[in-house]
Amino acid sequence: MGTAEHKKDAPKKVTIAILTLSTTRTIKEDASGQWIKDTASGIGHEVVYHRVIPDDAATITMTVREITENLEPQVLLMTGGTGITPQDVTIEAVSPMFTKALSAFGPLFAQLSMQEIGSAAIMSRATAGLIGSTVVFCMPGSLNACKLACTRLIFPELGHLVKHLKGA
């Protein structure tokens, strides 16, 4: 069965949790998270969670565990904390929890970023993987980066990813 056939039979609606990592923004100032929420809802997905938490590794790990174990969304979209400053700890907190990595996401995102922001794309540490039965994407916190990741890579594959997770 080809990719087109897989996508044709994939779910059109998935459950999504959104987690923004920021020590400076509140939920009202979370333009990236709000854009993801509005866009995902607008294309028919169900957003079951949206929260902003601080860039703190222990808090991130605990919150991701709570989300994946208690809410069990099919997808967790995380924004922020993927850069190289000392405060950027999302990757270090989340990637050890992956049971499988989606290793193509980071390089594909960097390639698309290169077209938009040039050589600054080298600082991207975007990553993705599976935690239990949840697909987790960690992307930069800027609105433009979230739009790029979601529209070009994530949203077109959500149903397809969930279908594969179910073993179909």
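Parameters at a glance
Residues numbered from 1 in each chain as written. Predicted model: local features only at pLDDT ≥ 70, side-chain atom pairs only at ≥ 80, totals over all residues. Heavy atoms only, no water. Pairing = 2+ DSSP bridges. Helix = DSSP H or I, 4+ residues; strand = E, 2+ residues; numbered from the N terminus. Contact = heavy atoms within 4.5 Å. Axes fitted to C-alpha atoms, helices over the stretch in contact; angles between N-to-C directions. Buried < 20%, exposed > 50% of the residue type's maximum accessible area, 1.4 Å probe, protein only. Parallel < 35°, antiparallel > 145°, perpendicular 65-115°, else oblique. Left-handed = near helix turned anticlockwise from the far one by under 90°. Core = buried A, V, L, I, M, F, W, Y, C linked by side-chain atoms within 4.5 Å.

Enquirer: I'm lost on the sheet that holds strand S1 (residues 15-21) in this one. Help?
Expert: Pairing between sheet strands relies on hydrogen bonds along the backbone, with the strands arranged either parallel or antiparallel. An order of S2-S1-S3-S6-S5-S4 is seen for the six strands of this open sheet, with the pairing classed as mixed. The sheet is open, and its two edges are formed by strand S2 (46-53) and strand S4 (100-101), each paired on a single side. The pairing of S1 with strand S3 (residues 75-79) spans five bridges and is parallel. Looking at S3, one finds that isoleucine 16 is bridged to valine 75. Relative to the sheet, helix H6 (residues 143-154) contacts S3 and strand S6 (134-139), its axis offset from that of S6 by approximately 140°. Helix-sheet contacts for helix H7 (residues 158-165) involve S1, S3, strand S5 (127-131) and S6, and the interaxial angle to S6 is about 140°.

Enquirer: What's the story with the environment of leucine 153 in this structure? I'm lost.
Expert: Position of leucine 153 relative to the elements: it lies in helix H6. A residue is classified by how much of its surface remains accessible, and leucine 153, at 18% relative accessible area, is buried. Considering only alpha carbons, one finds leucine 153 and leucine 76, 77 residues apart in sequence, at a separation of 14 Å. Excluding residues within four positions of it along the chain, leucine 153 makes contact with Phe105, Leu108, Phe109, Leu112 and Leu148.

Enquirer: What am I meant to see in the packing of helix H2 (residues 31-42) against H6 here?
Expert: How two helices sit against one another is set out by the angle between their axes and by the gap between those axes. Running from N to C, H2 and H6 cross one another at 30°; their axes reach a closest spacing of 9 Å. Regarding the angle of H2 to H6, the classification is roughly parallel. Crossing angle aside, the handedness with which H2 passes H6 is right-handed. Contacts between H2 and H6 involve Ala31, Ser32, Trp35 and Ile36 from the first element and Leu143, Cys146, Lys147, Cys150 and Thr151 from the second.

Enquirer: Hey, could you run me through the nonpolar core in this one?
Expert: In terms of nonpolar packing, the biggest core is built from 28 residues, with Ile36, Leu77, Ile154 and Phe155 touching the most fellow members. Where this core is concerned, the elements lending two or more residues are S1, H2, S3, helix H5 (105-117), S5, S6, H6 and H7. Counting residues per element, this core draws most heavily on H6, which supplies seven residues. Not counting residues within four places of it along the chain, the set of residues in contact with phenylalanine 155 comprises Trp35, Ile36, Thr39, Ala40, Ile43, Leu77 and Cys150. In terms of nonpolar packing, the next biggest core, distinct from the first, is built from 19 residues, Ile53, Met78, Ile91 and Val94 among them.

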